[in-house]
Amino acid sequence: MNEQERRAQSLADGPAGSVLLHREQGAPWMDGIRTLLSAPVRAHPYQATLFEGAPAVAFTLAAIEPTHALATVDGHIETITRVRLATAHRRIDHGDLPEKGEYDLMAGLTGLGVYLLRCYGEGPLLRDVLAYLVRLTEPRPDGLPGWWAAHGPTGAEPAWHGGHGNLSISHGIAGPLALLAQTHRRGIQVAEQSHAMHRILGWLDQWFDRTGMWWPGAISRSEQDTGEAPRETPRPSWCYGTPGIARAQQLAGLALGDTHRQRFAETTLAACLADGHQIGKLTDVGLCHGWAGLLHTTWRMSQHDVRLRAYLPRLIDRVTERLAQQPPVDSGLLTGATGAQLALHTATTDQTPVTRWDACLLLDG
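This write-up is about the structure you can find in this document. None of the values given here were measured: they were computed from a predicted structure.

### What to know about the packing of aromatic side chains
So, step 1. Under the criterion given, the structure shown has six aromatic pairs.
So, step 2. Both rings, one in Trp147 and one in Trp203, keep their centres 5.4 Å apart while their planes meet at 80°; by these two values the pair is edge-to-face. Taken together, the residues Trp147 in the loop between α8 (124-136) and β1 (164-166) and Trp203 in helix α10 (residues 193-206) connect sequence positions 56 residues apart. Across this residue pair, the class does not change: Trp147 and Trp203 are buried.
So, step 3. Relative to Trp207, the ring of Trp203 has its centre 6.3 Å away and its plane inclined at 70°; by these criteria the two rings are edge-to-face.
So, step 4. Among the residues examined, Trp203 registers a relative accessible area of 4% and is labelled buried.
So, step 5. Of the residues examined, Trp207 reaches a relative accessible area of 3% and is grouped as buried.
So, step 6. Taken together through their ring pairs, the aromatic side chains of Trp147, Trp203 and Trp207 make up a single cluster.
So, step 7. Between Arg318 and the ring centre of Trp291, over which it is positioned, the NZ or CZ distance is 4.6 Å.

### Considerations on the nonpolar core
So, step 1. By size, the foremost hydrophobic cluster in this structure holds 112 residues, and its most contacted members are Leu11, Phe51, Tyr132, Trp203, Leu204, Trp238 and Leu295.
So, step 2. For Tyr132, the residues in contact, after removing those within four places along its chain, are Leu85, Ala88, His89, Arg91, Ile92, Glu102, Tyr103 and Leu109.

### Remarks on the packing of helix α15 (residues 291-302) against helix α16 (residues 312-325)
So, step 1. Relative to each other, α15 and α16 sit at 155°, their axes nearing to 9 Å. Comparing their axes, α16 and α15 come out roughly antiparallel. Of the two possible hands of crossing, α15 and α16 adopt the one that is left-handed. The segment α15 lies against α16, with Trp291, Ala292, Leu294, Leu295, Thr298, Trp299 and Ser302 engaging Leu312, Leu315, Ile316, Arg318, Val319 and Arg322.
So, step 2. Looking at the contact of α15 with α16 residue by residue, the classes come out as nine nonpolar, two polar and two charged.

### A short note on helix α2 (residues 16-25)
So, step 1. Every buried residue of α2 is listed here: Ala16, Gly17, Val19, Leu20, Leu21 and Glu24.
So, step 2. Among the structural elements, α3 (30-36), α4 (54-64) and α17 (337-349) are those in contact with the buried residues of α2.
So, step 3. Where α2 terminates, the next one or two residues include Gly26, which has phi positive at roughly 75°.

### Here we look at the environment of Thr35
So, step 1. Assignment of secondary structure puts Thr35 in helix α3.
So, step 2. Spatially, the C-alpha atom of Thr35 lies 8.3 Å from that of Gln9, the residues being 26 residues apart in sequence.
So, step 3. Discounting chain neighbours no more than four positions away, the residues touching Thr35 are Ala8 and Pro15.

### Let's talk about the packing of α2 against α17
So, step 1. Direction vectors running N to C along α2 and α17 enclose 25°, while the axes themselves pass 9 Å from each other. Classed by the angle they form, the pair α2 and α17 counts as roughly parallel. The two elements α2 and α17 meet at a crossing, and its hand is left-handed. Residue-level contacts link Gly17, Ser18, Leu20, Leu21, Glu24 and Gln25 of α2 to Thr338, Gln341, Leu342 and His345 of α17.
So, step 2. The class makeup of the residues in the contact of α2 with α17 is three nonpolar, six polar and one charged.

Analysis parameters
Residues numbered from 1 in each chain as written. Predicted model: local features only at pLDDT ≥ 70, side-chain atom pairs only at ≥ 80, totals over all residues. Heavy atoms only, no water. Phe/Tyr/Trp six-rings, centres within 6.5 Å; stacked < 30°, edge-to-face > 60°. Helix = DSSP H or I, 4+ residues; strand = E, 2+ residues; numbered from the N terminus. Buried < 20%, exposed > 50% of the residue type's maximum accessible area, 1.4 Å probe, protein only. Lys NZ or Arg CZ within 6 Å of the ring centre and 35° of its normal. Core = buried A, V, L, I, M, F, W, Y, C linked by side-chain atoms within 4.5 Å. Contact = heavy atoms within 4.5 Å. Axes fitted to C-alpha atoms, helices over the stretch in contact; angles between N-to-C directions. Parallel < 35°, antiparallel > 145°, perpendicular 65-115°, else oblique. Left-handed = near helix turned anticlockwise from the far one by under 90°. Nonpolar A, V, L, I, M, F, W, Y, C, P; charged D, E, K, R; others polar.

In structure tokens form, the structure reads like this:
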């Protein structure tokens, strides 16, 4: 498979993003669908994810036209999910540490759960994913949290000997927290679901910097053992930064009826937005790492906190300026101009996306 073939069925950097944008704008989108379906849908159990292959194709089709016939990919996605669940439960039975790609949003079972929730709502397969995520949060005999990843954030780096605890919404435990919260709010609950959310929240609380009002993106084994968190203020991005974690916390507060938790998350984002040092770390415009991700996260969280709406005009201006002056080379959803334009369109129209495109970022709800 060459790069062009891979991108054709990618929600991250392929034509799917343009399809979603055109649908939001009321523009023609069928050419993008034709590209999306130009080759057999990829459905390898360990390569297909919410952002690649069959789940990405199905997510896009359902967002554009809910009555589209998805039967051709439904069987693939059920098989993928069941294979991944069986592998994950065997790993837990053996007492091994997971890879973050087992459970995360981008490559793992949280992402597959997002697809199931977005396209079908309650069902036995989604409940099985939730039950797995609950089991993932159970403490290990060695004292590490159940989601402690065997390697570093990007592989087996020497600096991450002993693995890492990932806090982020894209690759870490804030993603499962957000999905558990979103389903809980919709009345889709499995045994111990609220306890699982409290376990995650308690661990995230350990690493919150109350002086700077931020969370780190990841914790090393030595930091976990000593309780000493990193001191470098992170970039305030959706993927690995405080905004994404704050949204997961806000959703958890809403799900659990915990007004204090909800307000804490909203106050944390407001402090981030008011902190020039944090904001100054953003260097690109995209959804994943940059200004558009901060804009859209703020817009979503402002639906429950009017204070945050005061920051939207400045963020809209910043995304508009960056798109005009430093447009991304990539045209995709996560890091390209398409994602930034989707965030800008949503914020300027101040309307819930008709495609619910931001479900793939765990920001909707």
